[in-house]
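An overview of the molecular structure
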Amino acid sequence: MSLNRRHFIFLVGASAGAFGLDACAFAQNTTEKSNPGSAEQAGVIQLPPLPYAYNALEPHIDAKTMQFHHDKHHAAYVKNLNEAFKKHPEIKNKKLEDLLVNLETVPKDIRTKIRNNGGGHLNHSMFWQIMKPNGGGEPTGAIASAINQRFGSFAAFKQQFNEAGSGLFGSGWVWLIRDRSGKLQITTTPNQDSPIANGNYPIFGNDVWEHAYYLNYQNRRADYLNAWWNVINWDEVNKRFAAKA
């Protein structure tokens, strides 16, 4: 089962695709140290730069967390993917989302690496885009209407989303997805698994791995989940929501 191409474009961000992301697409704040992650060597997959400075989401997400999260963790997923594709160049031109949906077709010796690092790359490429400085507030547009219709109110949705994220044991993600029937659902995935592997379309998600919040929140995941709503980019979420099956 393959996802619609338009869905995939939104999956990795409206400004870029997973294969051949332009490392110069966004400029960091000139007062900030240049982002070392954007200087990745050319490969099948390139690390997308942050669309804002490291400190742009403070006080909700601190600069040091953003730097390590993007430049170390996301960069590692990109590096591992490129190593896997070098080992099996026959699959390097396949869409990453198709590989994740059809993992049984991936050579066995790199299957786990593609699952973990492919999911990590797609998840994080989405994650940077659905946050912005001075974001948050109540949702607007079509996503606001859809949330109200499905969950009763934004407050009820937010509570359910946070409870799902807090209740996830270990590392993973909490998501708002459009399932295969077209219905909105709150769900979680372990590790770096992507909802697309089960045929679901991720409208947005929050990373609840400890590396996403521990420097600032320590073991207070619930506090991080509450604070994260202050940086969500509802304009980008509406763009993703508008993608049709």
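All values derive from a computational prediction rather than experimental measurement.

1. A look at the UniProt feature "binding site: Mn(2+)" (unreviewed entry) in the protein chain
On the UniProt side, "binding site: Mn(2+)" (unreviewed entry) is annotated at positions that read His-69, His-124, Asp-207 and His-211 here. Across 143 residues in sequence, these annotated residues keep their C-alpha atoms within 12.5 Å of one another, forming a single compact spot. Looking at the element boundaries, His-69 is found in helix α2 (residues 63-87). Those residues in contact with His-69, other than ones at most four positions away along the chain, are His-74, His-124, Phe-127, Trp-128, Asp-207, His-211 and Ala-212. Along the chain, His-211 turns up in the loop between β3 (201-207) and α7 (214-217). Judged by its relative accessible area of 18%, His-211 falls in the buried class. Dropping the residues within four chain positions of it, His-211 is found in contact with Thr-65, His-69, His-73, Tyr-77, His-124 and Gln-192. Among the polar contacts listed, one links the side chain of His-211 to the side chain of His-69, at a separation of 3.3 Å.

2. Some details on the pattern of salt bridges
All chains considered together, the criterion is met by 6 salt bridges. As a salt-bridge pair, Asp-193 and Arg-115 come within 2.7 Å of each other at their nearest N and O atoms. Placement of Asp-193 in the loop between β2 (184-190) and β3 and of Arg-115 in helix α4 (residues 108-129) is noted, with a sequence separation of 78 residues between them. Given the relative accessible area of 13%, Asp-193 is considered buried. Salt bridges sharing partners connect three or more residues here, namely Lys-79, Glu-83 and Lys-113.

3. Some remarks on the packing of helix α6 (residues 154-167) against helix α8 (residues 221-228)
In the contact formed by α6 and α8, the axes pass within 9 Å of each other and the chain directions differ by 145°. The hand of the α6/α8 crossing is right-handed. Of the residues in α8, those touching α6 at Phe-161, Asn-162, Gly-165 and Ser-166 are Arg-221, Ala-222, Leu-225, Asn-226 and Trp-228. The residue makeup of the contact of α6 with α8, split by class, is 4 nonpolar, 4 polar and 1 charged.

4. Thoughts on the sheet that holds β3
If you trace the 3 strands from one edge of the open sheet to the other, you get β2-β1-β3, paired in antiparallel fashion. Edge positions in the sheet fall to β2 and β3, since each of these pairs with one other strand and no more. Put simply, the sheet's adjacent strands are angled 25° from each other on average, direction ignored. Pairing analysis gives 6 bridges linking strand β1 (residues 172-178) to β3, with the strands arranged antiparallel.

5. Some details on the side chain of Asp-207
Looking at the element boundaries, Asp-207 is found in strand β3. Arg-221 is the oppositely charged side chain nearest to the buried, salt-bridge-free Asp-207, at an N-O distance of 8.3 Å. Among the polar contacts made by the side chain of Asp-207, one reaches the side chain of His-124 at a distance of 3.1 Å. In this structure, Asp-207 is in contact with His-69, His-124, Phe-127, Gly-172, Trp-173, Ala-212 and Tyr-224, ignoring residues within four places of it in sequence.

6. Focus on α8
Every α-helix carries 3.6 residues per turn, so stepping three or four residues along brings you back to the same face. Considered for burial, the residues of α8 that qualify are Arg-221, Tyr-224, Leu-225, Ala-227 and Trp-228. For α8, the arc enclosing every buried residue in end-on projection is 165°, short of the 170-degree limit, so these residues lie on one face. Summarising the contacts, the buried residues of α8 are in contact with α4, α6, β1, β3 and α7.

7. Looking at the nonpolar core
Formed by 44 residues in total, the largest nonpolar core has its most connected members in Met-131, Phe-157, Ile-203, Phe-204, Tyr-224, Trp-228 and Trp-229. Going through the elements one at a time, α2, α4, α5 (141-151), α6, β1, β3, α8 and α9 (234-241) are the ones with two or more residues in this core. The leading source of residues in this core is β1, at 5 residues. Core analysis: the second largest hydrophobic core is formed by 17 residues, Ala-75, Val-78, Leu-122 and Ile-196 among them.

Rules behind the numbers
- Residues numbered from 1 in each chain as written.
- Predicted model: local features only at pLDDT ≥ 70, side-chain atom pairs only at ≥ 80, totals over all residues.
- Heavy atoms only, no water.
- UniProt positions renumbered as here; feature names shortened; annotations may be inferred.
- Helix = DSSP H or I, 4+ residues; strand = E, 2+ residues; numbered from the N terminus.
- Contact = heavy atoms within 4.5 Å.
- Buried < 20%, exposed > 50% of the residue type's maximum accessible area, 1.4 Å probe, protein only.
- Polar contact = N/O pair within 3.5 Å; in protein donor to acceptor, adjacent residues only side chain to side chain.
- Salt bridge = Lys/Arg side-chain N within 4 Å of Asp/Glu carboxyl O.
- Axes fitted to C-alpha atoms, helices over the stretch in contact; angles between N-to-C directions.
- Left-handed = near helix turned anticlockwise from the far one by under 90°.
- Nonpolar A, V, L, I, M, F, W, Y, C, P; charged D, E, K, R; others polar.
- Pairing = 2+ DSSP bridges.
- Lys, Arg positive; Asp, Glu negative; His and termini not counted.
- Arc of directions from axis to C-beta.
- Core = buried A, V, L, I, M, F, W, Y, C linked by side-chain atoms within 4.5 Å.

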